[in-house]
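The chain contents come next:
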Amino acid sequence: GKPQTADTGSKQSAVAAARPPLSRPVRGAGAATVAVGPPRGVVKPSDASTAAKGANMTPPAASTALETGGSGTPRHHARDVQGKVSEMEDNIQNHQTLLQSINQESEVLKGLVAHSHKEKLEMEETLTKLKSQIIQYKTQLQELSNLRCELEKVAYEKSCLQKERSVQGSTLARLQAMLWDTEEQVRSLTDTVAQLSDELHAREMERWRLHMTIQELKGNIRVFCRVRPLQGSGLRRHIQLATNNRIKLAKTKKSHTGKTAETQKSYNFSFDRVFGPGASQQEVFDEISLLVQSTLDGHNVCCFAYGQTGSGKTFTMEGEEFDDNRGCIPRTVQAAEKLGPQGWEFTFTASFVEIYNEILRDLLYTSKASQRPKHEIQKTGNNKETINNLSYRKVSTEDEVLGLIALANHNRATAQNHHSSCSHSVFQLGIEGVNADREVKCKSTLCLVDLAGSERMAKSQSSGECFKEMTAINSSLSNLSIVISALANKESHILYRNSKLTYLLQGCLGGDYITLMFVNIAPEPDSFGETLNSLRLASQVGEPEEDFHYVTACRGHCLT
Ligand SMILES: Nc1ncnc2c1ncn2[C@@H]1O[C@H](COP(=O)(O)OP(=O)(O)OP(=O)(O)O)[C@@H](O)[C@H]1O
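Residues numbered from 1 in each chain as written. Predicted model: local features only at pLDDT ≥ 70, side-chain atom pairs only at ≥ 80, totals over all residues. Heavy atoms only, no water.

- The name given to the protein in an unreviewed UniProt entry is Kinesin-like protein, and the organism recorded there is Salarias fasciatus.
- Entered under Subcellular location (unreviewed entry) in the UniProt record, the comment concerning the protein runs "Cytoplasm, Cytoskeleton".
- Check the Sequence similarities (unreviewed entry) section of the UniProt entry for the protein; it says "Belongs to the TRAFAC class myosin-kinesin ATPase superfamily. Kinesin family. KIN-14 subfamily." (UniProt positions renumbered as here; feature names shortened; annotations may be inferred.)

1. Details of the overall build of the protein
- Check the secondary structure of the protein and you find 13 helices and 14 strands.
- Sequence-distant contacts, at least 24 apart, represent 71% of the contacts inside the protein between residues at least 6 apart.
- Carbon and sulfur atoms make up 54% of the accessible area of the protein, which amounts to about 33,100 Å² in all. (Helix = DSSP H or I, 4+ residues; strand = E, 2+ residues; numbered from the N terminus. Contact = heavy atoms within 4.5 Å. Areas by Shrake-Rupley, 256 points an atom, 1.4 Å probe, with all protein chains shown as cover.)

2. Description of the packing of helix 7 (residues 328-339) against helix 8 (residues 398-414)
- Between helix 7 and helix 8, whose axes approach to 8 Å, the crossing angle comes to 150°. Classified by the angle between their axes, helix 7 and helix 8 sit roughly antiparallel to one another. Considering how the two elements wind past one another, helix 7 and helix 8 form a crossing that is right-handed. Contact residues: Ile 329, Pro 330, Arg 331, Val 333 and Gln 334 in helix 7; Glu 398, Val 401, Leu 402 and Ile 405 in helix 8.
- By residue class, the composition of the contact of helix 7 with helix 8 is six nonpolar, one polar and two charged. (Axes fitted to C-alpha atoms, helices over the stretch in contact; angles between N-to-C directions. Parallel < 35°, antiparallel > 145°, perpendicular 65-115°, else oblique. Left-handed = near helix turned anticlockwise from the far one by under 90°. Nonpolar A, V, L, I, M, F, W, Y, C, P; charged D, E, K, R; others polar.)

3. Some remarks on helix 5 (residues 281-296)
- Along its 16 residues, helix 5 runs 22 Å from first to last C-alpha, staying within 8% of the 22 Å computed at 1.5 Å per residue.
- A bend of about 35° at Glu 287 is the largest found in helix 5.
- Of all 16 residues in helix 5, 12 are buried, a share of seventy percent or more.
- The complete set of buried residues in helix 5 reads Gln 281, Val 284, Phe 285, Glu 287, Ile 288, Ser 289, Leu 291, Val 292, Gln 293, Ser 294, Thr 295 and Leu 296. (Expected span 1.5 Å × (residues − 1). Bend = angle between axes of the 7 residues up to and from the residue. Buried < 20%, exposed > 50% of the residue type's maximum accessible area, 1.4 Å probe, protein only.)

4. Digging into the site of the ligand
- The environment of the ligand is made up of 16 residues, and the closest members are Gln 231, Gly 310, Lys 313, Thr 314 and Phe 315.
- At 3.5 Å, a side-chain N or O of Arg 226 approaches a nitrogen atom of the ligand.
- Measuring from an oxygen atom of the ligand, one finds a side-chain N or O atom of Glu 320 at 3.2 Å.
- Protein burial of the ligand: of its 620 Å² of free accessible surface, 74% is covered by the chains.
- The biggest single contributor to the shell around the ligand is helix 6 (residues 313-317), with three residues.
- Looking at side-chain class alone, the shell around the ligand contains two nonpolar, 10 polar and four charged residues. (Near = heavy atom within 4 Å. Polar contact = N/O pair within 3.5 Å; in protein donor to acceptor, adjacent residues only side chain to side chain.)

5. Observations regarding the pattern of salt bridges
- Counted by the stated rule, this structure contains 15 salt bridges.
- Arg 187 is the salt-bridge partner of Glu 184, the closest N and O atoms lying 3.1 Å from each other. Linking Glu 184 with Arg 187, this pair stays in helix 4 (residues 74-218), spanning three residues, or about one helical turn.
- We classify Glu 184 as partly exposed; its relative accessible area is 46%.
- Under the relative-accessibility criterion, Arg 187 is labelled partly exposed at 46%.
- Residues Glu 354 and Arg 361 are paired through a salt bridge, measuring 3.9 Å at the closest nitrogen-oxygen approach.
- On the accessibility criterion, Glu 354 (0% relative accessible area) is buried.
- Via salt bridges that share partners, Glu 318, Glu 354, Arg 361 and Arg 412 belong to a single interconnected network. (Salt bridge = Lys/Arg side-chain N within 4 Å of Asp/Glu carboxyl O.)

6. Quick word on the pairing of strand 7 (residues 345-356)
- Across the 12 residues of strand 7, nine count as buried, placing the element largely inside the fold.
- Summarising the sheet, strand 7 and strand 12 (residues 424-435) pair through 11 bridges and their orientation is antiparallel. Following the sheet pairing, Ala 350 is matched in strand 12 by Leu 429.
- Here strand 7 runs beside strand 8 (residues 359-362); their pairing, made up of four bridges, is antiparallel. (Pairing = 2+ DSSP bridges.)

7. Details of the nonpolar core
- Residues Ile 247, Phe 271, Phe 304, Leu 505, Val 519 and Leu 535 are the most contacted members of the largest nonpolar core, which totals 52 residues.
- It is helix 10 (residues 464-488) that provides the largest number of residues to this core, a total of seven residues.
- Those residues in contact with Ile 247 that lie beyond four places of it in its chain are Cys 225, Val 227, Ile 239, Gln 240, Leu 241, Tyr 267, Asn 268, Phe 269, Phe 271, Val 274, Ile 521 and Leu 535.
- By size, the runner-up hydrophobic cluster in this structure holds 40 residues, among which are Phe 224, Ala 305, Phe 427 and Leu 446. (Core = buried A, V, L, I, M, F, W, Y, C linked by side-chain atoms within 4.5 Å.)

8. Description of the pairing of strand 1 (residues 221-227)
- Counting buried residues along strand 1, seven of its seven residues qualify, which places the element largely inside the surrounding structure.
- Side chains Ile 221, Val 223, Cys 225 and Val 227 project from strand 1 onto one buried face, and the interleaved Arg 222, Phe 224 and Arg 226 project onto a second face that is buried too.
- Pairing of strand 1 with strand 14 (residues 513-521) involves seven bridges; the strand directions are parallel. Across the sheet, Phe 224 pairs through a bridge with Phe 518, a residue of strand 14.

9. Some thoughts on the side chain of Thr 316
- By the secondary structure assignment, Thr 316 is in helix 6.
- The contacts of Thr 316, once residues within four sequence positions are left out, are Arg 226, Gln 281, Val 284, Gly 327, Cys 328, Phe 518 and Asn 520.

10. Considering the packing of aromatic side chains
- Tallying each qualifying case throughout the model produces seven aromatic pairs.
- For the ring pair Phe 352 and Phe 427, a centre distance of 5.2 Å and an interplane angle of 85° mean the geometry is edge-to-face. Taken together, the positions of Phe 352 in strand 7 and Phe 427 in strand 12 put the pair 75 residues apart, joining distant regions of the chain.
- Classification of Phe 352 as buried rests on a relative accessible area of 0%.
- Put simply, the rings of Phe 224, Phe 275 and Phe 518 pair up and form one aromatic cluster.
- The cationic tip of Arg 412 hangs over the ring face of Phe 352; the distance from NZ or CZ to the ring centre is 5.6 Å. (Phe/Tyr/Trp six-rings, centres within 6.5 Å; stacked < 30°, edge-to-face > 60°. Lys NZ or Arg CZ within 6 Å of the ring centre and 35° of its normal.)

11. Quick word on the packing of helix 5 against helix 7
- Contact pair helix 5 / helix 7: the axes reach a minimum separation of 9 Å and the direction vectors enclose 55°. Relative to helix 7, the element helix 5 is oriented oblique. Taken as a pair, helix 5 and helix 7 cross one another with a handedness that is right-handed. Side by side, helix 5 and helix 7 meet where Gln 281, Gln 282, Phe 285, Ile 288, Ser 289, Val 292, Gln 293 and Leu 296 of the first sit next to Cys 328, Arg 331, Thr 332, Ala 335, Ala 336 and Leu 339 of the second.
- A per-class count over the contact of helix 5 with helix 7 returns eight nonpolar, five polar and one charged.

The following block contains the structure:
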């Protein structure tokens, strides 16, 4: 750097100052003896004369004097020589001083050169450092330039975001205003909903009261008659359907003598509803669905299918898997799902039990047959009847119920020594409703019972096990009709415990109950006797027999 240059300059000037000027005038001549070696520019002694010539010196006086033979005195000549010697000696002295000074200068210069060399090295080192620093600075500069680019970009983005923010700010303000409006609307709608909910509840209660009034008017016990279509050939002239609630059974009696005309004895019955052979499963179920509605309102409902073997009881209750032929049992769950009032959540729990020879059998049992448990009817803590060790299944769809029916049929098929017509099948659907908003619950049971064939005692001439079986069926059926009649007559003491069937159904039959009995009849002429018996028993339910004419349980009347 500059300071170093200045330093070097000052040193150089210092050396120059120390050195005597080479052009200093020579005063007098000294002795020509030279003690030191020949310095640079100093001639050798042998060349002294030549040197003297070259140095503007006069040759030694002695020799000159001798050669010339002396124009002066010797003494004067000697003085000249002496003067010349002295001058030469001075010269020599000067040269020596000069030489010394040159040497000194040389030393100084050497020092300076060394110093300069060292400085050069240092400077080179510094230069290298500076170069690397420059590279670093360049890199930093590049980085800074990149950063600057970034910064510019960020600044640009920032300005864009600021613009966007201002746009969004105005959008936000708009949305805020809309939100307030919407909140206001929601508040008013909430009030409306609450009002409507109260109104709905009031109407729901009104509907419930009206429904109950209708049910009361219809009576707690209803009897429906269903005529099965003819199977194969045959006439059904003996059955005549007048309106949708009357049925006439007629029999022609031939004169024994053949002299008098044929007489026709007819029996007219009126029920709450009569379904002809063409009635579809849906038509039949439409009537039941009103009772499903009652179950959802918290009433226990019991529906029986009564009739001789093959009259269509199982078809009415369970039906077939094919959609249109599905019976009441699978349809109930679906209907209950649809009919449930607003705000209520319902859960359905199914059980399926068979009563054969007064022995209970779980039709939904799925474990090993060898481990099949025994069942007894027991009273629960809240005085309700329940069966121990029984399977219960949660159901919510028609298909799930069909699955249970298939399982029940499988269990029936594995049972030994008896057929479905010899046993009662009781499908119970426990319904539990919860209205979370009003914090209320309801619980009810819908029983769908496929009774054993009603004709067997009359036709059978059985003995032993078979006789026991027939007796059990007959006894439980007659006990059922007694219980239903006692309920219709509002008797205080009802003999539920006389059979397993009525004992099990006590909870569904008593109290706030609705009972529906299907009397299924076969249209074949050879079933005339059984059909008449079935219609009579169905008519008998609830009313004492009047001669040959029967009435329905609650509001039926005899039509002859
Ligand atoms: N309404 C109907 N429409 C068409 N077919 C019917 C009808 N009712 C009954 N059936 C048919 O008649 C036959 C006998 O009916 P079902 O098995 O239901 O009688 P059941 O009274 O239950 O007899 P069981 O006492 O032996 O069980 C069945 O094949 C059934 O499909």
